[in-house]
Amino acid sequence: MRIKRRTFLSGLVGLSLPFAVSSCTNDTSNLTASSPQSASSSATPSSNAASGTTIRIGYQKATELDLLRSRGKLDQQLKEQGIAIEWSLFPAGPPMLEAMNAGQIDFGGVGESPPIFAQAGGGQFYYVSVTPLSSQTQDIVVPRNSAIQAAADLKGKRIAFQKGSSAHYLLLKVLEEQGISIKDIEAVSLPPADARAAFEQGNVDAWSIWDPFLAVAEGTGSIRNLNLGRERRAYFLASQKFAQNQPDSVKTILAAAKENGQWAKQNFRQVAEQFSGEIKVDANILEKVYQRRSWEVLPVDAQIQQAQQEVADIFYKAQIIPKSIDVKEAFLPSEEYSKVFPAR
């Protein structure tokens, strides 16, 4: 299939939420990448982060961590303690986790799928917080005049999705619930911009996608939602070394992220206008995207472990990851976790 490339998302060509705003990566895997940025900064007093320490944080465009970076409060807080933050921009969750495994960053935010692939590949990290993302932040969509009316109608159809993303997981989950094998559809793995082009040209019958790409497509009025979205999650992850050696620093970042989320929920329009020009998405659409996100920074627990295990198991069953994994290995024991997550 030959697909004519479009520039429908212009600055988005290049994201699990979840960050959310989060796959799939948070999933901003197709936001335009730029060179890593650094800024000297620092946080609340930390008994385990001596003056002169540099904390390296990876972020994706127009996400919670990007907002935290741009507001500068965490940087100033840490700078007063003689601690620097080096901010590095990534186009997606997978390369961010590759950098974490290589010891190049200490902390980052991604969607629910990239950590599964990273752990299957031997990644050394811990889940340190979760942000729930509502079912409205992802869906499987079809052209407005399509004969496809429900999940059962997807059998035998050509369906586009980003491999390894939350959209991929959504499709696998929906098919499983309908008793449809992945072999019973024609799977078309494409990044969001190319998937949109294929969808508009009629080269695929359906498209599994997440925000902000979903919201942009909804804004055209030419698509119909099948309303098959599931609640998904975005995560903050810390390298094992960082979490073990500097738990107070992790706690400081998470406390700042919680405050950042509370501020964002009172200022959706301001956040949308801030990032609109940068990622070339209309502020009205971006405001809708941010309103659909929870912006919460919550502790990970047994329920979250179970949810991630389900993601891992479905990817393994579909032979998307090479081996079965126990996600519990990427969660800190409770006595250690209490050191990194701020008190309510």
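Heads up: the structure comes first, above all this text.
Residues numbered from 1 in each chain as written. Predicted model: local features only at pLDDT ≥ 70, side-chain atom pairs only at ≥ 80, totals over all residues. Heavy atoms only, no water.

Participant: Report on the sheet that holds strand 9 (residues 223-225), specifying residues and quantitative values.
Facilitator: Ordered by their spatial adjacency, five strands build an open sheet running 7-6-8-5-9, and the pairing between neighbours is mixed. In this open sheet, the two strands that pair with only one neighbour each are strand 7 (186-189) and strand 9. For this sheet, the mean angle separating the axes of adjacent strands, direction not counted, is 30°. Here four bridges tie strand 6 (residues 158-161) to strand 7, and the two strands are oriented parallel to one another. Note on strand 7: the bridge partner recorded for Ile159 is Ala187. Most of the contacts of helix 6 (residues 192-200) go to strand 8 (residues 206-210), to which it runs at about 150°, and overall it touches strand 5 (138-143), strand 6, strand 8 and strand 9. (Pairing = 2+ DSSP bridges. Helix = DSSP H or I, 4+ residues; strand = E, 2+ residues; numbered from the N terminus. Axes fitted to C-alpha atoms, helices over the stretch in contact; angles between N-to-C directions. Contact = heavy atoms within 4.5 Å.)

Participant: Would you mind going over the pattern of salt bridges in detail, with residue names and values included?
Facilitator: According to the stated counting rule, one finds 17 salt bridges in the structure shown. The salt bridge partner of Glu218 is Arg292, with a shortest N-O separation of 3.2 Å. You can see Glu218 sitting in helix 7 (residues 213-219) and its partner Arg292 sitting in the loop between helix 11 (283-291) and helix 12 (302-317), a full 74 residues away along the chain. Given the relative accessible area of 12%, Arg292 is considered buried. The shortest N-O distance in the salt bridge between Glu296 and Lys265 comes to 2.6 Å. Of this pair, Glu296 sits in the loop between helix 11 and helix 12 while Lys265 is found in helix 9 (residues 247-265), placing the two residues 31 residues apart along the sequence. Its relative accessible area of 31% is what places Glu296 among the partly exposed residues. The partly exposed category is assigned to Lys265, whose relative accessible area is 30%. (Salt bridge = Lys/Arg side-chain N within 4 Å of Asp/Glu carboxyl O. Buried < 20%, exposed > 50% of the residue type's maximum accessible area, 1.4 Å probe, protein only.)

Participant: Mind laying out the sheet that holds strand 1 (residues 54-59), listing which residues take part and the relevant values?
Facilitator: The pairing of strands in a sheet comes from backbone hydrogen bonds and takes either a parallel or an antiparallel form. Judged by pairing direction, the sheet is mixed, and its five strands sit side by side in the order 2-1-3-10-4 without closing on themselves. Either end of the sheet is taken by a strand with one partner, and the two such strands are strand 2 (84-89) and strand 4 (125-133). Each neighbouring strand pair of the sheet contributes to a mean axis angle of 20°, computed without reference to strand direction. Taken together, the eight bridges between strand 4 and strand 10 (residues 232-239) define a ladder with antiparallel strand orientation. Within the sheet, the bridge partner assigned to Pro132 lies in strand 10 and is Arg233. Helix-sheet contacts for helix 1 (residues 64-71) involve strand 1, strand 2, strand 3 (107-111) and strand 10, and the interaxial angle to strand 1 is about 130°.

Participant: How would you sum up the environment of Gly82? Please name residues and give values.
Facilitator: Inspection of the secondary structure puts Gly82 in the loop between helix 2 (73-79) and strand 2. With relative accessibility at 35%, the residue Gly82 sits in the partly exposed group. Distance in space between the C-alpha atoms of Gly82 and Thr54 is 9.1 Å, their sequence separation being 28 residues.

Participant: Residues and numbers for the nonpolar core, please.
Facilitator: Residues Ile57, Leu74, Phe107, Ile116 and Tyr127 are the most contacted members of the largest nonpolar core, which totals 56 residues. Setting aside chain neighbours within four positions, we find Ile57 in contact with Leu65, Leu74, Ile85, Glu86, Trp87, Ser88, Phe107 and Ile253. (Core = buried A, V, L, I, M, F, W, Y, C linked by side-chain atoms within 4.5 Å.)

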